[in-house]
Amino acid sequence: NNGGDESFISLFEEKKHQAVAGGYTRAIAARLVLLNYIDTRGRIGHPPSLRQHESLTSVKTLGFGLKTFCRAGRAILTYNKNDPRGAYDSLSLAKSCFNAIQTLSKTNGEAANELPGLVDEAFDVFFMLPNAASIFGSSSADKIGGIKWPSLVVSHLKQAETFLSEKCNTIASCDYGELRCEARKKPGSKFVMLQRYLPSLARLCYKHGSHFAKIENYNNANDALHIALKTTDNCLREVRLALEKEAVASGQDCKARGMHLQVLHNLEANLVVVSIESFYVLSFICQSTGKKEAAITCLDQIEKYLDEQQERDNKLFSDVMTNLNDRDGFVFSEESDSIDGPKKQDKSDIKSRAQTARILANGRHAKEQATLAFSRIMIFHKTLPSPTEEEEAFIDSKIRELVDLAWEYKNNPPIMHAISSADQISTDDNSSDSDHIFKITLQAIRVVHIRRILSKSANRSDCDLNPYKAITNKFQNTHRQPFILLDQLNAILTAQYKIRQDECDESSRSWLDKEAMKMAHEFMDIAKSTFQKSSSIDKGGRDCNSTLFIPRDQLFRNQLLQDTKIHFARAVSLYYASKDYKLCVHWSDLLYNVLKINSTQVSLEEEDALLNQVLSVKAFSQSMSGDEATAMKTAREAWETSKVKTVDGLVNLFHCGVRHEMKFSSGDTMLEFDNACNELLSARHQAAGVDEIISAFPRMSNSCVENEVGGGGSLLL
């Protein structure tokens, strides 16, 4: 309840304030202890550090400073981002304490013994400093002490890389057996290095590199991503070496060996994901800076990772199925009610799980292949000034590849096995992967089609390369077909908007106008049966607010109906703003027919308001296009059928009446306006209604002026 939420928020705020207060207290305490050794001449961009630390030989004091400053900086950075400099200064002092201990360890036995136990704290310091520098820099001026803050972040990332490189060299000669014994839990061990330190650094560099790419700081993004890729490469090499040694290792019980293998496999999969994402961002950077060959090389490396991953998945499935008949390789249940006995029942369960995992893995691989194909299309699609014929052919081949993936995955949905609820959740996730492949295919086709339309309009070429043909032919007579036609209409409208914005010649606009209208009617012919099914279901008495037990095909129909309303409304808005009123009338008719379809997505009041708004736009467009008599009938229909009278409807009725008066001299404009005013005022509070009508006076007076200029009589509004 609300009271519980407020008490929880209050408790959280209290804990947060306590953590921040504790952070500042620790920072003050550590500064007092090390007061004689801290260089207080620090300024923005030059944080405080320990000076003359050669005279500071107390390892315990330095260890106290490292831990205390580290915890203080962490608390301030986490809970008080309004003071990033406080966190940055505390972490810088912690780093200075660690450097002092590291220097002492070369000549001081106590420092050498204490150093391995401080690696975790030191890593946290090096890990948090780039984040603190990023927040500090982005919240202050563009430069910090003469240094641009992205360069400061990258410098801290390089320091973290150097720190881990030194640690890697220190433990490189350690025995592999350390990975399989209790020593792997010790700070600074090789196992901790592989499982925590290196992956964390890779993710940190990827995070900052992708952020720099978003703000178009490509040089620093490139540096950060190269550190991430170098880190994942080193870590993957060590993990795969460990897997090879584990495969031939002996003297370890089956359960412990299996758990350790699982840890290494999961670590390898996570590192591959970071590498792939880093290469995607690096490919985008190369593409944005005109280095197309380098961008293609990045995508080639991603494809190599994906092929290796698929090969590992296939081998894993093959090994499971091969060893399925080996009883010693599995632990079977001791009790079973099955007639065939426990062995056959458990093997069937294992086989089902393996097949399900194989199908889900194939689905993920298809999704990754689709993303890769889309990225390759974008590289050649954005070639300046325009792609060559060979590049256009390559784009078409990749589009066909995407279409085949979408079709194959659509025809091979995940097989449901009655194993557990977790498997059903995974299957639902896979269905979203199928939608992702279809959507990314449409996106690639759409952007290519828009570019080709604009290129055709600019160059007046007779070649018509329509990328929608491949997917239209493949998905004909399926529930996806209306979505494809609607997306093609979306592409045409987008191109039409850009052409009108660039003020291209009339022939280009006329050609696209006809194509858009043709596509709309073709879509309505196909989607009519779908909308009728949706309407009949809605009339069946189902609660509009309930979402229980809605069939998947009904969800598709609802989504199609909403998308249709959006794109048809875009068309009405486009032609209305362009003052192409005849086309606006046609699109208003289409939109009105779609809005009349019963939908559970909007209330009756909202539906009534939308219908009357469309009728008002249609009436205005008819009036401006010279059909004043029909416009007057439409305006009256909009006013009379509206359940909630509005001033906008009144203004539209008056405007159409004035235009009608100019042509036919009917003489009843003011009488009709007076009746509408009385009806509006009786439907709401009198004072509020009068104020709204008076505020709309300038719009109506413009119509009166137009009437007089056009030769009509004076209307005393």
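**Concerning the overall build of the chain**
Inference 1: Each helix and strand in the chain was counted, giving 24 helices and four strands.
Inference 2: Burial statistics for the chain: of 717 residues in total, 46% are counted as buried.
Inference 3: In the chain, the proportion of contacts linking residues at least 24 apart, taken out of those at least 6 apart, comes to 70%.
Inference 4: Accessible area of the chain: about 37400 Å², with a carbon and sulfur share of 52%.

**Things to note about helix H21 (residues 647–664)**
Inference 1: Along its 18 residues, H21 runs 25 Å from first to last C-alpha, staying within 8% of the 26 Å computed at 1.5 Å per residue.
Inference 2: Of all 18 residues in H21, 14 are buried; the element is thus mostly enclosed.
Inference 3: Following H21 by one or two positions, Ser665 has its phi on the positive side, about 50 degrees.

**Regarding unusual backbone geometry**
Inference 1: One non-glycine residue, Glu216, lies in positive phi territory at about 65 degrees.
Inference 2: With respect to the helices, strands and loops of the structure, Glu216 is situated in the loop between helix H7 (190–214) and helix H8 (218–247).
Inference 3: Not every positive phi belongs to a glycine, and Asn477 is a case in point at roughly 65 degrees.
Inference 4: Note that Asn477 resides in the loop between helix H14 (468–474) and helix H15 (481–501).

**Some thoughts on empty space enclosed by the protein**
Inference 1: Inspection of the entire model under this criterion finds three cavities of 30 Å³ or more.
Inference 2: Taken as a whole, the largest cavity encloses approximately 40 Å³ of empty space.
Inference 3: Forming the walls of the largest cavity are Phe123, Phe126, Phe127, Ala160, Phe163, Leu164, Leu201 and Leu204.
Inference 4: Of all the secondary-structure elements, those providing two or more residues to the lining of the largest cavity are helix H5 (119–138), helix H6 (149–171) and H7.
Inference 5: Considering only residue class, the lining of the largest cavity consists of eight nonpolar, no polar and no charged.

**A few points about the environment of Val273**
Inference 1: Counting through the fold element by element, Val273 comes out in helix H9 (residues 254–288).
Inference 2: Judged by relative accessible area, which is 48%, Val273 ranks as partly exposed.
Inference 3: Val273 sits 41 residues away from Thr232 along the chain, and the two C-alpha atoms are 9.8 Å apart.

**Here we look at a nonpolar patch on the surface**
Inference 1: There is a patch of nonpolar side chains on the surface, built from Ile28, Leu32 and Leu35 and spanning about 320 Å² of accessible area.
Inference 2: Tracing the backbone through its elements, the reader meets Ile28 in helix H1 (residues 2–33).
Inference 3: For Ile28, a relative accessible area of 53% translates into the label exposed.

**Digging into the pattern of salt bridges**
Inference 1: In this structure the tally under the stated criterion is 28 salt bridges.
Inference 2: A salt bridge links Asp300 to Arg376, with the nearest nitrogen and oxygen atoms 2.8 Å apart. Within this pair, whereas Asp300 is found in helix H10 (residues 292–322), its partner Arg376 is found in helix H11 (residues 342–381), the two being separated by 76 residues in sequence.
Inference 3: The exposure class assigned to Asp300 is partly exposed, which follows from its relative accessible area of 37%.
Inference 4: Here Asp580 makes a salt bridge to Arg500, at a shortest N to O gap of 3.4 Å. Remark: Arg500 occurs in helix H15 and Asp580 occurs in the loop between helix H17 (552–577) and helix H18 (581–595); sequence separation between them is 80 residues.
Inference 5: Among the residues examined, Asp580 registers a relative accessible area of 22% and is labelled partly exposed.
Inference 6: With a relative accessible area of 17%, Arg500 lands in the buried category.
Inference 7: One salt-bridge network, held together by shared partners, links Arg74, Asp120, Asp124 and Arg196.

**Remarks on the nonpolar core**
Inference 1: Membership of the largest hydrophobic core comes to 150 residues, with the highest contact counts inside it found for Ile471, Leu489, Phe523, Phe568 and Trp587.
Inference 2: Counting 21 residues, the second-largest nonpolar core is a separate cluster that includes Ala631, Cys656, Val658 and Leu681.

**Let's talk about the side chain of His156**
Inference 1: Checked against the element boundaries, His156 lands in helix H6.
Inference 2: Separated by 2.9 Å, the side chains of His156 and Tyr88 make a polar contact.
Inference 3: The residues touching His156, leaving out its near neighbours within four places in the chain, are Tyr88, Lys95, Leu129, Pro130 and Ala133.

**Considerations on the packing of helix H20 (residues 628–641) against helix H22 (residues 669–682)**
Inference 1: At a minimum axis distance of 13 Å, the contact between H20 and H22 shows a crossing angle of 15 degrees. Compared by their axis directions, H20 and H22 come out roughly parallel. As H20 runs across H22, the sense of the crossing is left-handed. On the side of H20, the interface is formed by Met632, Arg636 and Trp639, while H22 contributes Glu672, Ala676, Glu679 and Leu680.
Inference 2: Among the residues making up the contact of H20 with H22, the classes are represented as four nonpolar, no polar and three charged.

**A word on the packing of aromatic side chains**
Inference 1: All chains considered together, the criterion is met by 18 aromatic pairs.
Inference 2: Measuring from ring centre to ring centre gives 5.9 Å for Trp149 and Phe212, while their planes differ by 55 degrees; the resulting arrangement is tilted. Here Trp149, found in helix H6, pairs with Phe212, found in helix H7; they are 63 residues apart in sequence, far enough to count as distant. Both residues of the pair, Trp149 and Phe212, count as buried.
Inference 3: Following the ring pairs from residue to residue traces out a cluster consisting of Phe523, Phe568, Tyr575 and Trp587.
Inference 4: Taking the ring centre of Trp639 as reference, the NZ or CZ of Lys645 above it sits at 5.1 Å.

**What to know about helix H19 (residues 604–624)**
Within an α-helix, residues lying three or four positions from one another point in the same direction, as the helix has 3.6 residues per turn.
Inference 1: Compared with an ideal rise of 1.5 Å per residue, which puts 21 residues at 30 Å, H19 spans 30 Å between its outermost C-alpha atoms and is within 8% of the ideal.
Inference 2: Positive backbone phi, approximately 100 degrees, marks Gly626, located one or two places after H19.

**Concerning the packing of H18 against H19**
Inference 1: Relative to each other, H18 and H19 sit at 160 degrees, their axes nearing to 9 Å. Between H18 and H19, the angle is such that the two are roughly antiparallel. Regarding H18 and H19, the two cross each other, and that crossing is left-handed. Contacts between H18 and H19 involve Tyr581, Cys584, Val585, Ser588, Asp589, Leu591, Tyr592 and Leu595 on the former and, on the latter, Glu607, Leu610, Leu611, Val614, Leu615, Val617, Lys618, Phe620, Ser621, Gln622 and Met624.

**So, the confidence of the model for the chain**
Inference 1: Looking at the chain, the pLDDT average stands at 79 and 77% of residues meet or exceed 70.
Inference 2: Looking at the elements of the chain, mean pLDDT is at its lowest for strand E3 (residues 143–144), recorded as 52, and at its highest for H18, recorded as 92.
Inference 3: Note on residues 170–188: pLDDT is under 50 here. Beyond four places in sequence and across chains, it has 37 contacts.

Reading guide: rules and limits
Residues numbered from 1 in each chain as written. Predicted model: local features only at pLDDT ≥ 70, side-chain atom pairs only at ≥ 80, totals over all residues. Heavy atoms only, no water. Helix = DSSP H or I, 4+ residues; strand = E, 2+ residues; numbered from the N terminus. Buried < 20%, exposed > 50% of the residue type's maximum accessible area, 1.4 Å probe, protein only. Contact = heavy atoms within 4.5 Å. Areas by Shrake-Rupley, 256 points an atom, 1.4 Å probe, with all protein chains shown as cover. Expected span 1.5 Å × (residues − 1). 1 Å grid on protein atoms, 1.4 Å probe; cavity = no way out; pocket = protein on both sides within 12 Å on 5 of 7 lines; lining within 4 Å. Points joined across faces, edges and corners; volume = space filled by probe spheres on them. Nonpolar A, V, L, I, M, F, W, Y, C, P; charged D, E, K, R; others polar. Patch = residues over 30% accessible without salt bridge, like charges linked within 9 Å, V, L, I, M, F, W, Y side chains within 5 Å. Salt bridge = Lys/Arg side-chain N within 4 Å of Asp/Glu carboxyl O. Core = buried A, V, L, I, M, F, W, Y, C linked by side-chain atoms within 4.5 Å. Polar contact = N/O pair within 3.5 Å; in protein donor to acceptor, adjacent residues only side chain to side chain. Axes fitted to C-alpha atoms, helices over the stretch in contact; angles between N-to-C directions. Parallel < 35°, antiparallel > 145°, perpendicular 65-115°, else oblique. Left-handed = near helix turned anticlockwise from the far one by under 90°. Phe/Tyr/Trp six-rings, centres within 6.5 Å; stacked < 30°, edge-to-face > 60°. Lys NZ or Arg CZ within 6 Å of the ring centre and 35° of its normal. pLDDT = per-residue confidence, 0-100.

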